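Spelled out from the first residue to the last, the chains are:
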Amino acid sequence: MSIKIINGTNDEANYVRNKLIEFNSKQVPNGTYEEINLCLKDDKDEIIAGLNSALCWNWMEIDILWVEDDHRGQGFGRRLLEEAERIARAKNCSFIKLNTFSFQAPEFYKKYGYHEMAVIDNAPLGNKHYYYKKDLN
């Protein structure tokens, strides 16, 4: 048998993700995995901001929160974050976790009650990689 490592396609990456979800669900019964992806669109139906996340067991993990440069500072990031929190609470999540970089939005998340759990220096070089959590009591 010949085994090789290749760069996987998006479909192959989804296959691997689904196999891990399947394995995890055998280890922790009554688990859940649900992607929650939100978009804000303008009157031309163009995406100006978005949030990609997943519900995992009892938490939400925000992977991406992005606002187009021309629309920053207008509350769109806040609206997406608040909607994600509303959904997480409705789905009985205990907390939300996310990560951000020093050149992105660490102060934004602190402003909305996220607390630093960890930081990695020089990731990328000259910057910091922050990990945040917010309890949903």
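On a predicted model such as this, the values are computed, not experimentally measured, just so you know.

Visitor: Any chance you could break down the sheet that holds strand 2 (residues 47-56) for me, citing the residues and the numbers?
Guide: Across the sheet, 6 strands lie side by side as 1-2-3-4-6-5; this open sheet has mixed pairing. With one partner strand each, in any of the chains shown, strand 1 (33-41) and strand 5 (115-121) form the two edges of the open sheet. On average, each strand axis in the sheet is tilted by 20° relative to the strand beside it, whichever way the strands run. Across 4 bridges, the pairing between strand 3 (residues 59-67) and strand 4 (residues 95-101) is parallel. By the bridge assignment for strand 4, glutamate 61 is matched with lysine 97. Docked against the sheet, helix 2 (residues 76-90) engages strand 1, strand 2, strand 3, strand 4 and strand 6 (128-135), running at close to 165° with respect to strand 3.

Visitor: Tell me about the packing of aromatic side chains, and name the residues and values.
Guide: Here the structure, examined in full by the defined rule, presents 8 aromatic pairs. A centroid spacing of 5.6 Å and a plane angle of 15° characterise the contact between tryptophan 59 and phenylalanine 95, whose relative ring orientation is stacked. In this pair, tryptophan 59 sits in strand 3 while phenylalanine 95 sits in strand 4, placing the two residues 36 residues apart along the sequence. The pair formed by tryptophan 59 and phenylalanine 95 is uniform in burial state, with each residue classed as buried. When the ring of tyrosine 130 is compared with that of tyrosine 132, the centres are 5.9 Å apart and the planes differ by 25°; the resulting orientation is stacked. Using a relative accessible area of 14% as the deciding quantity, one classes tyrosine 130 as buried. Among the residues examined, tyrosine 132 registers a relative accessible area of 0% and is labelled buried. Aromatic rings pair up to connect Phe108, Tyr109, Tyr112, Tyr114, Tyr130 and Tyr132 into one cluster. A cation over an aromatic ring shows up here: lysine 133 above the ring of phenylalanine 95, its NZ or CZ 4.8 Å from the ring centre.

Conventions adopted
- Residues numbered from 1 in each chain as written.
- Predicted model: local features only at pLDDT ≥ 70, side-chain atom pairs only at ≥ 80, totals over all residues.
- Heavy atoms only, no water.
- Pairing = 2+ DSSP bridges.
- Helix = DSSP H or I, 4+ residues; strand = E, 2+ residues; numbered from the N terminus.
- Axes fitted to C-alpha atoms, helices over the stretch in contact; angles between N-to-C directions.
- Contact = heavy atoms within 4.5 Å.
- Phe/Tyr/Trp six-rings, centres within 6.5 Å; stacked < 30°, edge-to-face > 60°.
- Buried < 20%, exposed > 50% of the residue type's maximum accessible area, 1.4 Å probe, protein only.
- Lys NZ or Arg CZ within 6 Å of the ring centre and 35° of its normal.

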